[in-house]
Amino acid sequence: MLESRMQKFTRVLVGAALLVAAAGLAHAQSKGDLQIEKPWARATPPGASVGGGYLTIRNKGAAGDRLVGVSSPVSARVEMHEMAMEKDIMRMREVKGVDVPAKGAVELKPGGFHLMFIELKAPLKAGDKVPVTLRFEKAGEVKAEFAVEPMGGHPAKH
Ligand SMILES: [Cu+2]
């Protein structure tokens, strides 16, 4: 009797795990020729007003595309930034768009292109998922969920 209940419980657990896996697949985060890979954001300390977001955008198509806008409910706005050397100083500046080459990929990562959540409504906590809408010139809107990773490593300097 006890054993059969345990088995049932196990079946429920396995079922739940499969559902979670299926939900993960449903969030494959691709549209047309574009595929969003490893979207993540860095956890922010209490009181921080900005946070960084990173991802790889892969393009299987024969034509290039361009990321032209980003938005998220977690912040007032989301900017696209680029790190660049200016007179021996590493600075970041806003860019109007990020090109995604045909049959290639662009990587937004610490130290390069990245997304910046501006005027955060609440700190980004490790383990959270941040919904983000990416707008491309050709592919239109693509939704992605950014996994919040713990702080540390490359601090976002502003
Ligand atoms: Cu930035």
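Residues numbered from 1 in each chain as written. Predicted model: local features only at pLDDT ≥ 70, side-chain atom pairs only at ≥ 80, totals over all residues. Heavy atoms only, no water.

Protein ligation of the copper ion involves H81 (ND1), M92 (SD), H114 (NE2) and M116 (SD), the donor distances falling in the range 2.0 to 2.2 Å. In this structure, the copper ion is surrounded by four donor atoms whose angles at the metal cover 98 to 134°, and the resulting shape is tetrahedral. In the primary sequence, the donor residues of the copper ion line up as H-x10-M-x21-H-x1-M. Taken together, the residues span a long stretch of sequence, with M92 in strand β6 (residues 89-95) and M116 in strand β9 (residues 114-120) at a distance of 24 residues. Here M92 falls in the partly exposed class, since its relative accessible area comes to 21%. (Donors = N, O, S within 2.8 Å, 3.2 Å for Na, K, Ca; no water. Tetrahedral: all angles 85-135°; square planar, octahedral: opposite > 155°, others 65-115°. Helix = DSSP H or I, 4+ residues; strand = E, 2+ residues; numbered from the N terminus. Buried < 20%, exposed > 50% of the residue type's maximum accessible area, 1.4 Å probe, protein only.)

Attention shifts here to the confidence of the model for the protein chain. Detailed reading of the predicted model is not advised wherever pLDDT is low. Per-residue pLDDT for the protein chain has a mean of 86; in total, 78% of the residues score no lower than 70. Overall, residues 21-27 carries pLDDT values under 50, and its contacts beyond four positions in sequence, including any with other chains, amount to one contact. (pLDDT = per-residue confidence, 0-100. Contact = heavy atoms within 4.5 Å.)

Taken as a whole, this structure holds eight salt bridges when the rule is applied. Its salt-bridge partner being R77, residue E119 comes within 3.4 Å of it at the nearest N-O pair. Here E119, found in strand β9, pairs with R77, found in strand β5 (residues 75-86); they are 42 residues apart in sequence, far enough to count as distant. Among the charged side chains, a salt-bridge network with shared partners connects E82, E86, R91 and R93. (Salt bridge = Lys/Arg side-chain N within 4 Å of Asp/Glu carboxyl O.)

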